[in-house]
Amino acid sequence: MTISPPRSRPALRPGPELGAPDSGLPGPLICEGVSAGYRTGFRLAGIDLVAGPGDVTGLIGPNGGGKSTLLKALAGVVPTLGGTITLGGRPLNRLPGAVAYVPQREEVNWDFPATAHDVVLMGRFRASGWWRRPTKADRALAARALEEVGLGGLGGRHISAFSGGQQQRIFFARAIAQEPRVLLLDEPFTGVDSENREVCHDVIRRFAGAGVIVLMATHDLDEVAANCTHVCCLNQRLIAFGPTKTTYTAANLKATFGGRVAVFEGGAA
Amino acid sequence: MIDALIDPWRYDFMQRALAEMTIIGVLCGVIGCFVVLRGLAFIGDALAHAVFPGVVLSYMADRSILWGAFAFGSLTALGVALLSRTRRVSEDSAIGVIFAAFFALGVVLISREAGFKKDLGSLLFGNILGVSQADLVVTAVIGAVVLVVFFSLLKEFTLVAFDPTLATSSGYPVFLLEVVLLLLVSATIVVSLQAVGNILILALVVTPPAAARLLTDRLPVMMAWSAGLAVLSGVVGLYVSYHADTAAGGTVVLVATGCFLVALVAAPNHGLVSSYLLARRGQHHAHHHHPMGEAGEVH
């Protein structure tokens, strides 16, 4: 049994706004009326958003507002209870290789007996298929990905020997190795110092430049103002979504966070 | 000295015991790595106890104990996997409920069987010296099947163990892989029951991998060390029990525990001694060169 690669879009049903069907670009990621979560627990409802190739969308909102839940629903980790999520007109959950999800650092066990190279190579597992071991080409790709995040030559070290920021870079390298069309980042800058942060920004820019659709959940509003093309404000439901210029406004932030955030005039500086 | 090593080989039962111990050592050593890495020790213990009624039923039906043990082991593995998906009961409690219930069922069944009582000891504590040629073949065949399945899915098991979120988002059937791993653990425990019994089997599945983890930071190396230490403990334990006339199962487990303690103290990077030395050198270092105390960090 092997996992077949995504079929070459047989049932593509592009709407008029989706762009030329054969342009080779992945086409936009569209959420329509998405609700996600667990039947008995937290739920996020009524999410509509569109993200095109190269867009970097920042998900902001208070703790428990549903940033992670939305990302996990897009990654297929949290069940979608309603609505549709499509990429280039096809249901996203039918394109399992298309998404790379970078979890929060504390979600994995850093004591696991693995080196940085081992972890990055995990990004190639799906492409190698069942039973088969990663090929030489996969290994080379993993090594290149580590170089791209500035950790070339350190692949043989155990993952616990790296600082928090460097561990985040290992995750970024794994995402590079996955060659995704959609990149999902959950609080990528929490506990990451400015030097490591710069490397991560650089990688995100290169992903966006290559036409990857980037969505990132973050606490850091300055981060969003400075680096995201689009903003999605969440508080159990969608408060606002749109280009940063028009959406990152005092009124929207206030509506998202209630009175709990110091509001500064004019939004993005 | 040489005599002491050769002497046990004069007996067929010792030859069979040594062969059985070697197969079980490799099996438990390898599969046990994932028991340790996934924190499945409690589930392992639960499996070992939950197969008890299966063993009693097979005995009553005059069949090989393997069949009943397999049936109940698989049932428990499935039950645990399913219960861990619901959020109504905590996983620990769920496992506790299942295995205590099954073990109790075994106790009740056995209380109706007068003839079983004298074999109870060998079931609970193992009877490696009573292994027959047929037992040996069955162990070898099942062990081979378990290892083939395990190594075929090693990449997938590793992914699920380290980062289940990545596995799910990549489209892997994580729940199915979970069930298969539990079934492999269950099969490992069932075929090893005869050697060390219900109570002590956990030691063979947990102790060698725990020692091996202290000796290396690489998974393949850990599995090799773990298998090696388990076989070593088995063989050394058998020799000691032969010469000192002690219970084989218990002796094997104590030797394994000894290996673990040695690793705990003397392992090159994770051992107590080297950690202490490293900490001292780190302090020394930090004092002189790194006022921020970042001596251990990669730059």
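Because the structure is predicted, anything quoted here is derived from the model rather than measured.

J.: Residue-level account of the confidence of the model for chain A, with values.
T.: All names here are of chain A. Scored by pLDDT, chain A has a mean of 82; 86% of the residues are at 70 or more. Residue range residues 1-24 is modelled with pLDDT below 50. Its contacts to residues more than four positions away, or to other chains, number 25 contacts. Within the model, pLDDT remains below 50 along residues 265-269, and this stretch shows ten contacts once partners closer than five positions in the same chain are excluded.

J.: Explain helix α6 (residues 91-111) of chain B to me, and be specific about the residues and the numbers.
T.: Residue and element names in this part refer to chain B. With 21 residues, α6 ought to run about 30 Å at 1.5 Å a step, and its terminal C-alpha atoms sit 30 Å apart, in line with that. Those residues of α6 lying buried are Ile95, Ile98, Phe99, Phe102, Gly106 and Ile110. With its buried residues spanning 105° around the axis, α6 presents them on a single face. Structural note: α6 exposes Ser93, Val108 and Ser111 on the side pointing more than 90 degrees away from its buried face. In this structure, the buried side of α6 is in contact with α3 (41-50), α4 (52-60), α5 (65-83) and α7 (120-125).

J.: Run through the sheet that holds strand β2 (residues 43-51) of chain A, naming residues and quoting values.
T.: All names here are of chain A. In spatial order, the strands read β2-β1-β4-β5; together these four strands make up an open sheet with antiparallel pairing. At either end of the open sheet lies a strand with only one pairing partner, and these are β2 and β5 (90-91). Where strand β4 (residues 80-87) and β5 come together, two bridges link them in antiparallel fashion. Residue pairing across strands places leucine 87 opposite arginine 90, the latter belonging to β5.

J.: So what about the nonpolar core? Which residues, and what values?
T.: Nonpolar side chains tend toward joint burial in soluble globular proteins. Formed by 164 residues in total, the largest nonpolar core has its most connected members in Leu74(A), Val120(A), Ala173(A), Leu184(A) and Ile31(B). The biggest single contributor to this core is helix α11 (residues 174-215) of chain B, with 22 residues. Those residues in contact with Val120(A), other than ones at most four positions away along the chain, are Ala142(A), Ala145(A), Leu146(A), Ile170(A), Ala173(A), Arg174(A) and Ala177(A).

J.: Which residues make up the packing of helix α8 (residues 133-152) of chain B against α11(B), and what values do they have?
T.: Residues and elements named next belong to chain B. Close contact between α8 and α11 brings their axes to 10 Å; oriented N to C, the two are set at 160°. It follows that α8 is roughly antiparallel to α11 by the angle criterion. The handedness of the crossing between α8 and α11 is left-handed. Residue-level contacts link Asp135, Thr139, Ile142, Gly143, Val146, Val149 and Phe150 of α8 to Leu184, Ala187, Thr188, Val191 and Gln194 of α11. When the residues that make up the contact of α8 with α11 are grouped by side-chain class, the tally is seven nonpolar, four polar and one charged.

J.: Tell me about the environment of Glu91(B), residues and numbers included.
T.: All names here are of chain B. Inspection of the secondary structure puts glutamate 91 in helix α6. Overall, the presence of 15 C-beta atoms within 10 Å leaves glutamate 91 in the partly exposed class. When the C-alpha atoms of glutamate 91 and methionine 1 are compared, they prove to be 51 Å apart, with 90 residues separating the residues in sequence. The contact partners of glutamate 91, leaving out residues within four places of it in the chain, are Leu83 and Ser84.

What counts, and at which threshold
- Residues numbered from 1 in each chain as written.
- Chains lettered and ligands numbered in written order.
- Predicted model: local features only at pLDDT ≥ 70, side-chain atom pairs only at ≥ 80, totals over all residues.
- pLDDT = per-residue confidence, 0-100.
- Contact = placed C-beta atoms within 7 Å.
- Helix = DSSP H or I, 4+ residues; strand = E, 2+ residues; numbered from the N terminus.
- Expected span 1.5 Å × (residues − 1).
- Buried ≥ 20, exposed ≤ 12 C-beta atoms within 10 Å, placed from the backbone.
- Arc of directions from axis to C-beta.
- Pairing = 2+ DSSP bridges.
- Core = buried A, V, L, I, M, F, W, Y, C linked by C-beta atoms within 7 Å.
- Axes fitted to C-alpha atoms, helices over the stretch in contact; angles between N-to-C directions.
- Parallel < 35°, antiparallel > 145°, perpendicular 65-115°, else oblique.
- Left-handed = near helix turned anticlockwise from the far one by under 90°.
- Nonpolar A, V, L, I, M, F, W, Y, C, P; charged D, E, K, R; others polar.

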